[in-house]
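Reading the structure
Each chain, written out:
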There are 2 protein chains.
Amino acid sequence: MSKKIKINTEPYKGVRDFYPEEMFLQKHLFEKMRQTAESFGYVEYSASVLEPAELYKAKTGEEIVNEQTYTFTDRGGREVTLRPEMTPTLARMVAKKSRELSYPLRLYSIPNLFRYERMQRGRLREHFQFNADIFGVSSEEAEIEIIILAQRLLTSLGAKEKDFEIRINDRAITNALFNKFKLEEEQKYTISKIIDKKDKISKESFKEALEHILEKKTDEFISLLDSNQELIKALGEESPEIKKLTNLIDGLDDAGVRNVRFDQSLVRGFDYYTGFVFEIYDLDPENTRSLFGGGRYDNLLEVFGQEKIPAVGFGAGDVTLLNFLETRKLLPTYISPITIYICRLNKSLASEAGILADTLRKSGINTAIDLSERKLADQIKSADKQKIPFVICLGEDEVKTGRFRIKNLTTGQEKALKAEEIAPFIKGKL
Amino acid sequence: MSKKIKINTEPYKGVRDFYPEEMFLQKHLFEKMRQTAESFGYVEYSASVLEPAELYKAKTGEEIVNEQTYTFTDRGGREVTLRPEMTPTLARMVAKKSRELSYPLRLYSIPNLFRYERMQRGRLREHFQFNADIFGVSSEEAEIEIIILAQRLLTSLGAKEKDFEIRINDRAITNALFNKFKLEEEQKYTISKIIDKKDKISKESFKEALEHILEKKTDEFISLLDSNQELIKALGEESPEIKKLTNLIDGLDDAGVRNVRFDQSLVRGFDYYTGFVFEIYDLDPENTRSLFGGGRYDNLLEVFGQEKIPAVGFGAGDVTLLNFLETRKLLPTYISPITIYICRLNKSLASEAGILADTLRKSGINTAIDLSERKLADQIKSADKQKIPFVICLGEDEVKTGRFRIKNLTTGQEKALKAEEIAPFIKGKL
């Protein structure tokens, strides 16, 4: 119990502290996520960040399980993991109550996720991720709804369609391409992982990695990966894989979603996807990056010994989204949730200040009292610094006459009002 | 990647899954917490659940650090802890920006907290805890405000004053009592820990534990711990410790808070308290238990090498609070956030259903479409099971005439309306 230890005030590396200003932005973002999801019929769920480690040992990308999770043993000898993504948790929860739930089942959540990453710009070890998923729909209507929802979330935040692009692909197309090259299952898996890293490595390294498996056919493979037209020609416009994709693009077009692009090099890191996959890209020329990602995963419930339930979902991380909004000046300016700050001429007015504050609170006005014994000017400064819009300075006169001068700190305007007139006045002003 | 592993669908032991119904209750609770805190001028902050382990090695209760935390080493060799309480995190954050922040500084948060506990009824390993703290006020006005805030939170949830009791004490009184028995610092610490366990052990064990230190004076000590009047007589009504307590009780009385009781056996487990401590007790005769707890901790910033800043705060856990509300039938009934469910006679109406849903969403009505191809009756059943209040059944006729029959599933009433009349109609009904 030595008082001599000096503890560091920094948070753990790669996680964030949310002071009121940062919390304000988080609340803004989360509120838009909740509003948009609920407007489409999605209902919120949640679960603990702590999960049994076994949940991540099947069906997720290998890299995550082996190198990137926070996994440890609890005091009772159980192996536990801080969830790196929400889909396994959601699948677990749906599997547990699969017979009681109603379908189509629409769920959303905004969990915090942990990944142990080497630190680099824009990469954090904890981030929040909006997740929306629909269970029980095997037709492309699920894909269409999920993409529209994702698009709406961005536009609700002020983004324009030209700011982003929806890139789509289908595992069936990737598989048809692989089959053209007569690849075995293990080779398919390895090549998927190489394609997934395409944007992060040089063209030469990419080609070299593919050559280990494709040998002399590498160039042909790359040309099909690079050109939509060549790939479509190679698989056939009337092939079931390409027809399915065309249907989806037509369905989105009908719904007014047109910033869609077929991208056959889109594979996504998770192994549980069974068909359609998509990502939404920020088109900022200085920093193209993936904002949202998702797809169809019809078989995930099998790992819980359950029957399959078709499922489509996506995730959208808060860090990339906040960067996106910041770059485009779409972040709102901080406003305090507190509306009135009561300053007291002296402490003997404590009881009167309390009564006034209580009257205001009962009419729905958030009210703070300055409990210091500083000069009035310093109390007002404190309100201003906290971005509280109104102050009332309370002295003997105000108490005697029952009329309180309320001052708008932005405009400088003042008005003398009775206690019961203050709330209606403020509500007219806000 | 074997599909043969069957993963368990249970969450980790001692944590909870929140399906929409449980989430609804959590949202209700959190919303009341936010509203009440903000009405008193408190602003929300947040931080990661993952903290450097050293944060808990000074100034908290020893038991927590040694036996009850989730502490592990990350992949980079750093020792980290899943926070067992919020106060150290808050103190760290305030210490970091102590010069930029405005005082009185009022902050609140609703963090999840982890403790490794042996499993027993009502004890979980993760719970949420509302925390409200005020920094920069050394007078008893801080204590009074914090207690009123705690009381208001309970009444905002529907509790009556007779349902609970506010028990208060002061470390200065405990210390004066200890000094009467000429105890050394280490003995004081040990006896505090014994008193903190008083309600959990038998009278005999309690006495026996005290006897190791107090020997022949044990009975005298216990009698002072059991009787307010005897203790006040022993310390003197005019002693500074008792006068301070009387002032606080008078101040609360002025503010209309009367269900307050002086309880000298209240010590609280944390070592950082420096004066006033309090707990709010559920008075359910079958299950008296502590709902809220808090106190004054003026020295906590010193561990960060900072100057002292006076601070008072409290925490209120969600599990005990939900139990309290359940016992008293104060929990609200689940309502879906979704207002209208569109059922389709057949899938060819997909596009029309989408247009109608979009019209409704744009007028602020949360609308889900049943994307299945089931019979209408089954689609309506699904809406009912999800507690969605209204359905619209869409057939060729509705599309042709542009009039949609909207049915209230609770009352059975139906009304045919044009698309643009639906939102005003619903808003009048909600």
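Everything quoted here is computed from the prediction, not taken from an experiment.

Side note on the overall build of chain A
Per the secondary structure count, chain A includes 15 helices and 19 strands. On C-alpha atoms alone, chain A measures out to a radius of gyration of 28 Å, which is more than a quarter above the 22 Å that the 2.2 N^0.38 rule sets for 430 residues. Taking all 430 residues of chain A together, 42% fall into the buried category. Here the analysis covers contacts within chain A between residues at least 6 apart in sequence; of these, 66% occur between residues at least 24 apart.

Concerning the pairing of strand E5 (residues 70-73) of chain A
Note: E5(A) against strand E6 (residues 79-82) of chain A, four bridges, orientation antiparallel. By the bridge assignment, A:Thr73 is partnered in E6(A) with A:Glu79.

Let's talk about the environment of A:Asp384
All names here are of chain A. Mapped onto the elements, Asp384 comes out in helix H13 (residues 376-385). Given 15 C-beta atoms within a 10 Å radius, Asp384 is considered partly exposed. Along the backbone, Asp384 and Val399 are 15 residues apart, and their C-alpha atoms lie at a distance of 24 Å.

Brief notes about the confidence of the model for chain A
Taken over all residues, the pLDDT of chain A has a mean of 92, while the share at 70 or more is 96%. The ipTM, which scores confidence in the relative placement of chains, is 0.94 for this predicted complex, and the corresponding pTM is 0.94.

Considerations on the relation of the copies chain A and chain B
When chain A is fitted onto chain B, the two copies agree to an RMSD of 0.0 Å after a turn of 180° and an axial shift of 0.0 Å. With respect to symmetry, the two chain copies, as superposed, fit the operation of a two-fold axis. Of every C-alpha in chain A, the one belonging to A:Phe72 sits nearest the axis of rotation, 3.3 Å from it. Both copies contact each other with a shared surface, as 99% of the interface residues of chain A are interface residues in chain B too.

A few points about the interface of chain A and chain B
On the side of chain B, 73 residues touch chain A, which itself brings 74 residues to the contact. Of the residues that constitute the side of chain A that touches chain B, the class distribution is 37 nonpolar, 16 polar and 21 charged. By the bridge criterion, two bridges tie strand E1 (residues 17-18) of chain A to strand E3 (residues 46-47) of chain B in an arrangement that is antiparallel. Its bridge partner being in E3(B), A:Phe18 is matched across the sheet by B:Ser46.

A look at the environment of A:Leu154
All names here are of chain A. Mapping Leu154 onto the fold places it in helix H4 (residues 141-156). Residues Leu154 and Lys97, spaced 57 residues apart in sequence, show a C-alpha to C-alpha distance of 32 Å. When neighbours within four sequence positions are excluded, Leu154 is seen to be in contact with Ala159 and Phe164.

Some points on the sheet that holds strand E4 (residues 50-52) of chain B
Residues and elements named next belong to chain B. Taken together, three strands build an open sheet; the order of strands is E4-E6-E5 and the sheet is antiparallel. Both outer strands of the open sheet, E4 and strand E5 (70-73), are each paired with one neighbouring strand and no more. Direction aside, neighbouring strands of the sheet carry axes that sit 35° apart on average. Bridge count between E4 and strand E6 (residues 79-82): three bridges; the pairing is antiparallel. Looking at E6, one finds that Glu51 is bridged to Thr81.

Focus: the domain arrangement of chain A
In terms of domains, chain A is made up of domain 1 (20-327) and domain 2 (340-429). Taking only C-alpha atoms, the centre of domain 1 of chain A and the centre of domain 2 of chain A are 51 Å apart.

Considering helix H12 (residues 350-362) of chain A
Relative to the 18 Å expected for 13 residues at 1.5 Å per residue, H12(A) spans 18 Å between its end C-alpha atoms, a close match to the ideal helical length. On its buried face, H12(A) sits against strand E15 (340-344), strand E16 (367-369), strand E17 (390-394), strand E18 (403-408) and helix H15 (419-429) of chain A together with helix H1 (20-39) of chain B. Looking one or two places after H12(A), you find A:Gly364, whose phi comes out positive at around 85°.

Quick look at the sheet that holds E5(A)
Residues and elements named next belong to chain A. Overall, antiparallel pairing links the three strands, which are arranged E4-E6-E5 in an open sheet. Each of the sheet's edge strands pairs with one partner strand only, and the pair in question is strand E4 (50-52) and E5. Between one strand and the next, the sheet's axes are offset by a mean angle of 35°, whatever the strand orientation.

Things to note about the environment of B:Arg296
All names here are of chain B. For Arg296, the position within the fold is in strand E13 (residues 289-296). With 25 C-beta atoms packed within 10 Å, Arg296 lands in the buried category. Once the C-alpha coordinates of Arg296 and Asp133 are considered, the two residues, 163 residues apart in sequence, prove to be 9.5 Å apart. In contact with Arg296, not counting residues within four places along its chain, are Glu143, Tyr273, Thr274, Gly275, Phe276, Ala311 and Val312.

A look at the packing of helix H1 (residues 20-39) of chain A against H4(A)
Residues and elements named next belong to chain A. Contact geometry of H1 with H4 gives a least axis separation of 9 Å together with a crossing angle of 140°. As summarised for this structure, H1 and H4 are arranged oblique, according to the angle between their axes. Crossing handedness for the pair H1 and H4: right-handed. Contacts between H1 and H4 pair Lys32, Met33, Gln35 and Thr36 from the former with Leu149, Arg152, Leu153 and Ser156 from the latter.

Focus on unusual backbone geometry
It is generally the case that most residues other than glycine have a negative phi and that most peptide bonds are trans. All names here are of chain A. Cis geometry marks the peptide bond from Tyr103 to Pro104, where omega comes out at -5°. Take Pro104: it is sitting in the loop between helix H3 (87-96) and strand E7 (105-109). Positive phi outside glycine occurs at Glu215, with the angle close to 45°. With respect to the helices and strands, the residue Glu215 is situated in the loop between helix H7 (203-214) and helix H8 (218-226). Looking at Glu215, the number of C-beta atoms within 10 Å reads 8, which means it is exposed. Within the chain, Lys387 stands out as a residue other than glycine whose phi angle is a positive 60°.

With respect to the packing of H7(A) against H8(A)
Residues and elements named next belong to chain A. Closest axis-to-axis distance for the H7/H8 pair is 9 Å, and the angle between their directions is 120°. Here H8 runs oblique to H7, going by the angle between their axes. Here H7 runs over H8; the crossing is right-handed. Touching Lys207, Leu210, Glu211 and Leu214 of H7 are Thr218, Phe221 and Ile222, all from H8. For the contact of H7 with H8, the residue count by class is four nonpolar, one polar and two charged.

So, how was this worked out
Residues numbered from 1 in each chain as written. Chains lettered and ligands numbered in written order. Predicted model: local features only at pLDDT ≥ 70, side-chain atom pairs only at ≥ 80, totals over all residues. Helix = DSSP H or I, 4+ residues; strand = E, 2+ residues; numbered from the N terminus. Rg over C-alpha atoms; globule rule 2.2 N^0.38 Å. Buried ≥ 20, exposed ≤ 12 C-beta atoms within 10 Å, placed from the backbone. Contact = placed C-beta atoms within 7 Å. Pairing = 2+ DSSP bridges. pLDDT = per-residue confidence, 0-100. Least-squares fit on C-alpha atoms with pLDDT ≥ 70 in both. Nonpolar A, V, L, I, M, F, W, Y, C, P; charged D, E, K, R; others polar. Axes fitted to C-alpha atoms, helices over the stretch in contact; angles between N-to-C directions. Domains from an automatic or database assignment. Expected span 1.5 Å × (residues − 1). Parallel < 35°, antiparallel > 145°, perpendicular 65-115°, else oblique. Left-handed = near helix turned anticlockwise from the far one by under 90°.

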